[in-house]
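Chain and residue survey
Residue-level listing of the chains:
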Amino acid sequence: MSARENILARIAQARSPGAPVDVDEVIHRHPRGPIPPLEKNLLQRFGEQATRLASDAADAATMGEVPNLVAAYLRARHLPMQAICWPALAALDWRAAGIEAQVRAARGEDMVGITGAFAGIAETGTLMLLSGPQTPATVSLLPETHIAIVEKTRIVATMEDAWDRLRAEYVTPPRAVNFVSGPSRTADVEQTVTLGAHGPYRVLIIVVGDGQARPT
Amino acid sequence: MQVAAMHFKRKAAENLGNEKLQRALEKLQTKFVDGRAAAIAELPNFEDIRDAAAEIRERAISNLDRYLLRFEREATARGAVVHWAETAEDVNRIVAEIAAKHGVQRIVKSKSMVSEECGLNDALEARGLSVLETDLGEYILQLAHEPPSHIVAPVVHKTKEDIADLFEDKHHRPRTTQIAELCREAREILRPGFLAADMGISGANFIIAETGSVLIVTNEGNGRLSTTLPRVHVAVTGIEKVVPTLEDVSTLLRLLPRSATGQSITNYVSVLTGTKGGDDADGAEHFHIILLDNGRSRLLGTELQPILRCIRCGACMNHCPVYQNIGGHAYGWVYPGPMGSVLTPSFVGLANALDLPNASTFCGQCAVVCPVKIPLPDLMRDLRNRQVERHLRPWQERAALRVWSWLAQRPALYALGARIAARLLRLFAGGKKRLRHLPGASGWTNERDIPAPAGRTFRDLYRSGRHT
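What counts and what doesn't
Residues numbered from 1 in each chain as written. Chains lettered and ligands numbered in written order. Predicted model: local features only at pLDDT ≥ 70, side-chain atom pairs only at ≥ 80, totals over all residues. Helix = DSSP H or I, 4+ residues; strand = E, 2+ residues; numbered from the N terminus. Buried ≥ 20, exposed ≤ 12 C-beta atoms within 10 Å, placed from the backbone. Contact = placed C-beta atoms within 7 Å. Pairing = 2+ DSSP bridges. pLDDT = per-residue confidence, 0-100. Domains from an automatic or database assignment. Axes fitted to C-alpha atoms, helices over the stretch in contact; angles between N-to-C directions. Left-handed = near helix turned anticlockwise from the far one by under 90°. Nonpolar A, V, L, I, M, F, W, Y, C, P; charged D, E, K, R; others polar. Expected span 1.5 Å × (residues − 1). Arc of directions from axis to C-beta.

1. A word on the overall build of chain A
Helix and strand counts for chain A come out as five helices and twelve strands. Overall size of chain A, expressed as C-alpha extent along the three principal axes, is 70 × 40 × 40 Å. Sorting the 216 residues of chain A into buried and exposed places 47% on the buried side. Look at the contacts in chain A between residues 6 or more apart in sequence, and 74% of them connect residues 24 or more apart.

2. Notes on the sheet that holds strand S8 (residues 242-243) of chain B
An order of S8(A)-S5(A)-S6(A)-S9(A)-S9(B)-S6(B)-S5(B)-S8(B) is seen for the eight strands of this open sheet, with the pairing classed as mixed. The open sheet has two edge strands with one neighbour each: strand S8 (155-156) of chain A together with S8 of chain B. Pairing of strand S9 (residues 176-180) of chain A with strand S9 (residues 268-272) of chain B, which is carried by five bridges, proceeds in the antiparallel orientation. Its bridge partner lying in S9(B), A:Val177 is registered against B:Val271.

3. Let's talk about the confidence of the model for chain B
As a general rule, the predicted coordinates of low-pLDDT regions are not to be interpreted in detail. When pLDDT is averaged along chain B, the result is 94, and 99% of the positions lie at 70 or above. Reported confidence for the predicted complex is 0.96 by ipTM and 0.93 by pTM.

4. Quick look at the domain arrangement of chain B
Annotation of chain B at the domain level lists domain 1 (46-297) and domain 2 (400-467). The straight-line distance from the C-alpha centre of domain 1 of chain B to that of domain 2 of chain B is 55 Å.

5. Here's the deal with the packing of helix H8 (residues 136-144) of chain B against helix H9 (residues 160-171) of chain B
Residues and elements named next belong to chain B. Packing of H8 against H9 brings their axes to within 10 Å, and their N-to-C directions diverge by 65°. For the pair H8 and H9, the crossing hand works out as left-handed. Of the residues in H9, those touching H8 at Ile140, Leu143 and Ala144 are Ile163, Leu166 and Lys170. Its residues placed into classes, the contact of H8 with H9 shows five nonpolar, no polar and one charged.

6. Section: the confidence of the model for chain A
Summarising the model, chain A shows a mean pLDDT of 94, and 95% of its residues fall at 70 or more. Every residue in residues 212-216 of chain A scores below 50 in pLDDT, and together they form three contacts with partners more than four places removed in sequence or on other chains.

7. Looking at the interface of chain B and chain A
Tallying the contact residues gives 78 residues for chain B and 61 residues for chain A. Broken down by element, the residue count for the side of chain B that touches chain A peaks at eight residues, all from helix H10 (residues 179-196) of chain B. Looking at the side of chain B that touches chain A residue by residue, the classes come out as 31 nonpolar, 26 polar and 21 charged.

8. Describing helix H18 (residues 376-389) of chain B
Residues and elements named next belong to chain B. Here H18 contains 14 residues, and its C-alpha end-to-end distance of 20 Å stays within 8% of the 20 Å for a straight helix at 1.5 Å per residue. Taken residue by residue, H18 has Leu376, Leu379, Met380 and Leu383 as its buried positions. Summarising the axial view, the buried residues of H18 lie within an arc of 100°, below the 170-degree limit, and thus occupy one face. Pointing more than 90 degrees away from the buried face of H18 are the exposed residues Asn385, Val388 and Glu389. Positive backbone phi, approximately 55°, marks histidine 391, located one or two places after H18.

9. Quick notes on the pairing of strand S4 (residues 112-115) of chain A
Residues and elements named next belong to chain A. Because side chains alternate across S4, one face comprises the buried residues Val112 and Ile114, and the other comprises Gly113 and Thr115, equally buried. The sheet contact formed by strand S2 (residues 82-85) and S4 spans two bridges and is parallel. Directly across from isoleucine 84, in S4, lies its bridge partner glycine 113.

10. Some thoughts on helix H12 (residues 246-253) of chain B
The buried fraction of H12(B) is high, at eight of eight residues. Within the sequence span of H12(B), burial applies to B:Leu246, B:Glu247, B:Asp248, B:Val249, B:Ser250, B:Thr251, B:Leu252 and B:Leu253.

11. Section: unusual backbone geometry
The phi torsion at A:Gln191 lies on the positive side, around 55°, for a residue other than glycine. In this structure, A:Gln191 sits in the loop between strand S10 (185-186) and strand S11 (194-195). Unusually for a residue other than glycine, B:Asn294 sits at a positive phi of about 50°. We classify B:Asn294 as buried; it has 21 C-beta atoms within 10 Å.

12. Details of the sheet that holds strand S12 (residues 202-208) of chain A
All names here are of chain A. Strand order in the open sheet formed by six strands is S1-S12-S7-S4-S2-S3, and the pairing between neighbours is parallel. Of all strands in the sheet, those with a lone pairing partner are strand S1 (56-60) and strand S3 (100-103), marking the two edges. Across the sheet, the mean angle from the axis of one strand to that of its neighbour is 25°, orientation sign disregarded. The sheet contact formed by S4 and strand S7 (residues 145-151) spans four bridges and is parallel. Directly across from isoleucine 114, in S7, lies its bridge partner isoleucine 147. Most of the contacts of helix H4 (residues 66-76) go to S12, to which it runs at about 155°, and overall it touches S1, S4, S7 and S12.

Following this line, the structure appears as structure tokens:
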């Protein structure tokens, strides 16, 4: 017998008797567990939690404002004005803001990566990114600076809410669903937290679309 | 990995006297124990979530074959290849076959305790493949040729000076003891390794039956790099890691990082499903998932079944007074602390790890902090019982217990013996309240004092009290 058959046979033999559980039915229902109580203002919670996990946060009224916000962020930190961005964001006028944006997946030497986000999770201040032809996974990972643009209407309370949205918009999950909560970090040396391990050193989250004109 | 659990006592005694290790272990208290307490306090319904988490894991374990088959079906439908492995050797052989099939030369690895269980690195290197550990802690251990001493913080036993020496020696760069600079140095050395690799090997924190996905949590981003850049991704994990749904895994994720490092969530949580699509610009083209048994299925239906719920957070070792004082290496295999004291004898044989179930004060703290409510002291007690039943305890201990049992069944003789012993010990103490040395019991008195008896037995005192 193969390893597979042996292992499955041993498990079946050891299983406690009783009515068999219909696993497909349980999975079809996918009931939620207990959810921690969250304050009403999800947008505020999202910002607070993201900042707590060392992300930088900014707001923009419209997508049109985003390139200038990004440019100001990069200039203030003396970061390169060359960036790569998701094909999904190619339509924004990066050039007018002084940013030289290339539309492609990231390579090892790229310094700034600009992405969107499928959702923002208020409970933990987390971004949810889906991989795909228009949304390559490397852009949020290889560069030292990651800038993520998330629409206000995509801020949800919990990871469970985010899964519901995914089920509503996709038949099956994409190759990679990446939840990102701040810059990469390590505490392996003397349990001391250091930002910027193998991924970004800094993450800027721009929440777009409160609809209000912004005082300049 | 080679088993060295039989040297527990010697190694534990050495480590107790190792001042540097003792200083390093103190950090666990402030960072992990206090960090967990603060992170748990943020969840007003923590106990409800914990009950739910234990129930989710128990439900998965009780229907393991059904959930594994559903997982296999979904993963295969998305283009992954699922392999089943009975033993560590099977895992090593399967990975080597996958490497050969895809013409792999260079492998990057993200942290995987199951691969440590298999001794996978050595097996692949013996076949001429280059293997690079990319978790900072695991990379340091690879340079130092040492095993991990903690399942979450593998180099907890090393100081930054140790690491500075190691990097200077291996990287030939100017020595630095600044932690941020050490981290940047490792990043710069490892980045080309990621970019050049043709295979990435990861573990899996969970596998999800609903979607056929492998879930990995990391903070450094090395898990994402290892599973995104190389054209082949191999995930190696234990059969017990399956959970039914995305909702179930969301519940478990509220507890795993909090229990492990005091984080509300790890930096990265990656849910990986199937292979790269035709138009995708990045991602692995080939995705292999290896499900390892290695003794796990034998625990089903036994007293030890609850250990299969374990989600490898490390809270039991962080809170264990024994682990806190001797560190992880003394346990002699991959898994240290209370969970290791149950897993190691189960996987490598009770006779090869006699001291581990006894390396506990039974203070119960491990069971209190376990996020999936594994009754660890009960499981260690069960292993102690098995040692006695199988006559695996030393002959002196067995003889002593036989004498005691013979005496205890003869109340008059027992009372006389107790009376004589109480008087002798009192005499020996010479009026002092504590005995510092006791002939024939140096194993006890070398490390601690024994309180001197009052000179009369409890039964004597009780009887005289009733008569007055």
